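Structural description and commentary
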Amino acid sequence: MNASHQPPETFALTTPLYYVNDVPHIGSAYTTIAADAIARFKRLQGLSVLFITGTDEHGQKIQRTAEANQLAPQEHCDRVVARFAELWNLLEIQYDRFSRTTADNHKRIVKEFFMRVWERGDIYLAQQQGWYCVACEEFKEKRELTETGNCQIHTNQKAEWRDEQNYFFKLSNYQQQLEDLYRDRPSFIQPESRRNEVLKFVRQGLQDFSISRIDLDWGFPVPTDPQHTIYVWFDALLGYVTALLEPDAEPTLENALSQGWPINLHLIGKDILRFHAVYWPAMLLSAGISPPEKVFGHGFLTKDGRKMGKTLGNTVDPFELVKRYGSDAVRYYFLKEIELGQDGDYNEVRFVNILNADLADSFGNLLNRTLGMAKKYCRGQVPERSGSEISENCILKSLGLGLGERVSQAYDSLAFRQACEEIFILIRGCNKYIDEQAPWSLYKQKKQAEVEEILYSVLESVRLSAYLLAPIVPNLSNAVYQQLGFGIDFNNKNLVNSRELFQNHSQWGILPPGQALGQSRPIFPQLELPASS
Ligand code: MSP
């Protein structure tokens with residue numbers, strides 16, 4: 001096969017499958033925005049991407065919420081799922097698969113997987129005693145509860161005492177294999193600080209965990225003992241496998257796994273790291289399936305420096321936010337302002353200030369003033385220069401030349417903040433360059449060649465910046481590209497999915513000389529705080 005016709009490399013990534021006890025909150029939006037930016041970046045590079053998201057619909061928490069709303073559980077789930085789809089649409093999330101754990105094909109996958117683990121001898125019946133947090137759907141150690149016996153994550157929820165027969169998974173059998181996995185594949189858990197948390201936890205010695213519940217109908221029956229219901233986490237993690245199935249494929253493990261396993265990246269919040277980095281690889285090893293490639297645990301969001309919560313009355317409604325400020329604004333704030341592995345804060349004043357400073361002023365005004373000059377001094381066309389003709393001494397050329405690689409590395413390590421910072425060094429560099437070079441006075445002095453060199457360099461830097469920001473702010477990048485005279489739509493995932501396009505457009509110096517420039521108009525509106533703030 002000709003090298004240029006090799007099938008594209010594949011990249012499969014997931015968000016968590018979100019609980020449907022409530023409409024989506026800003027935490028789920030955060031994970032999904034970050035995952036979408038990665039998916040978009042990989043597509044831009046020409047990879048064949050499978051971006052999986054979905055919902056986790058079984059278990060006591062959902063059953064109780066449905067009861068409280070006087071709805072049949074499935075009806076309740078369907079209603080909330082529609083809200084997720086709506087939010088992802090508003091935020092321009094381009095997922096490829098939406099995995100619902102109540103789907104029929106998922107039932108078959110869970111059953112087959114359970115039987116593999118059963119036949120391996122890793123499941124046994126025993127008495128489970130302990131404190132259970134329904135909101136986490138997890139047993140807690142006494143020391144993990146507050147003085148009043150509440151869960152530390154869900155401080156308004158009392159942990160419930162359970163004393164019942166459950167089926168257990170022999171996690172303890174996988175102590176050594178997991179330690180070997182973490183040692184042999186140091187990048188399996190990221191960032192490093194989270195890896196250390198997991199290593200510490202595992203070194204304390206792994207305890208078997210229960211994977212069935214009694215007195216719960218809303219879930220799949222244990223195949224070997226239908227009186228029991230499969231524990232929601234055992235069921236939900238397998239949703240990642242089910243998602244791989246082609247829509248009309250026979251739902252077998254083999255069929256699913258052949259379509260993109262192992263998953264390259266599970267992007268999750270730090271609160272569910274143990275499930276993904278300890279329980280999940282052990283379950284897979286038991287079933288003879290290799291673990292995923294990477295689990296990245298991002299930090300938690302606070303609002304105005306305080307933990308967010310419904311009872312505290314200080315949640316951030318992602319629907320409201322995106323309707324008020326637009327999807328680019330929301331995507332940019334959370335990816336640029338917060339380092340993905342760290343906790344971060346939402347504050348509306350900072351939100352508005354950052355967006356105005358970066359996107360409306362630094363970037364927007366830059367394009368606007370440069371297009372204005374190009375219209376006046378270069379007949380509304382890209383100056384007749386090529387990147388290679390621009391002097392090596394041009395600061396923008398030297399900033400721009402390695403930028404594509406630096407930003408790609410940042411995206412590859414999920415360092416969105418760093419990617420944005422690198423790009424904005426160039427954007428701010430452009431503004432400074434124009435001020436220093438003052439092309440308007442060079443024009444008056446009839447130094448046309450110099451004017452053209454300056455404008456070419458700035459327009460090209462603007463183009464490259466827009467291209468590299470496209471995974472984060474696709475609409476803004478579209479507007480920039482359009483005004484530079486290109487017909488590329490960053491929201492068309494099939495059209496931008498090209499290795500050749502990436503090789504060309506991620507480099508500095510490719511803006512076609514003589515290309516007709518488009519009409520100048522604001523690429524990002526000045527945002528205003530609502531009157532009440
Ligand atoms: N259903 C499980 C996941 C099963 S995966 C097979 C679950 N769902 S969740 O809806 O509760 O979690 C949603 C995601 O939102 C998690 O990644 C969680 O870390 C994240 N967040 C929830 N609150 C958050 C913040 N305040 N800040 C950032 N992310 C947070 O867990």
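Just above, that's the structure.
As summarised here, the arrangement of the three strands in space is β9-β11-β10, forming an open sheet in which the pairing is antiparallel. For this open sheet the edge positions go to β9 (212–213) and β10 (221–222), each flanked by a neighbour on one side alone. Bridge count for β9 against strand β11 (residues 225–230) is two bridges, and the pairing is antiparallel. Pairing of S212 across the sheet is with I230, part of β11.

This part is about the side chain of D358. Along the polypeptide, D358 turns up in helix α13 (residues 348–378). Of note is the side chain of D358, whose polar atom sits 2.9 Å from the side chain of K336.

Near the ligand lie 22 residues; those nearest to it are L17, D56, G269, D271 and L301. D56 is positioned such that a nitrogen or oxygen atom in its side chain is 2.7 Å from a nitrogen atom of the ligand. About the coverage of the ligand: the protein hides 91% of its 670 Å² of free accessible area. The set of elements that each furnish at least two residues to the shell around the ligand consists of β1 (10–19), α1 (26–44), α7 (232–237) and β12 (265–269). Considering every element that reaches the shell around the ligand, the biggest residue donor is β1, with four residues. Among the residues making up the shell around the ligand, the classes are represented as 12 nonpolar, eight polar and two charged.

Moving on, we come to the sheet that holds strand β14 (residues 301–303). Strand order in the open sheet formed by three strands is β15-β14-β16, with mixed pairing between adjacent strands. Whereas interior strands pair on both sides, the edge strands pair on one side only; in this sheet they are β15 (306–307) and β16 (344–346). Sheet analysis places β14 next to β16, joined by three bridges and oriented parallel. Residue L301 lies in a different strand from β16, and its bridge partner there is G344.

As defined by bridge partners, β10 adjoins β11 across two bridges and the pair is classed as antiparallel. Residue pairing for β11: V222 is matched across the bridge by D225. Linking β10 to β11, which pair antiparallel, is a turn of two residues.

According to the stated counting rule, one finds 37 aromatic pairs in the structure shown. Relative to F188, the ring of Y182 lies with its centre 6.2 Å away and its plane at 20°, an arrangement referred to as stacked. Here Y182 and F188 have matching classes, each one buried. Between F275 and Y279 the ring centres are 5.3 Å apart and the planes differ by 80°, which places this aromatic pair in the edge-to-face class. Of this pair, F275 and Y279 both sit in helix α10 (residues 273–286), four residues apart, roughly one helical turn. The two residues F275 and Y279 agree in class, both being buried. In textbook terms, an aromatic cluster arises when at least three aromatic residues are bridged by ring pairs, as seen for F41, Y411, F416, Y467, Y481, F486, F490 and F502. Its guanidinium or amino end placed over the ring of F319, R83 lies 4.3 Å from that ring's centre, counting from NZ or CZ. Lying over the aromatic face of F201, R274 brings its terminal NZ or CZ to 3.8 Å of the ring centre.

Basis of the calculations
- Residues numbered from 1 in each chain as written.
- Predicted model: local features only at pLDDT ≥ 70, side-chain atom pairs only at ≥ 80, totals over all residues.
- Heavy atoms only, no water.
- Pairing = 2+ DSSP bridges.
- Helix = DSSP H or I, 4+ residues; strand = E, 2+ residues; numbered from the N terminus.
- Polar contact = N/O pair within 3.5 Å; in protein donor to acceptor, adjacent residues only side chain to side chain.
- Near = heavy atom within 4 Å.
- Areas by Shrake-Rupley, 256 points an atom, 1.4 Å probe, with all protein chains shown as cover.
- Nonpolar A, V, L, I, M, F, W, Y, C, P; charged D, E, K, R; others polar.
- Phe/Tyr/Trp six-rings, centres within 6.5 Å; stacked < 30°, edge-to-face > 60°.
- Buried < 20%, exposed > 50% of the residue type's maximum accessible area, 1.4 Å probe, protein only.
- Lys NZ or Arg CZ within 6 Å of the ring centre and 35° of its normal.

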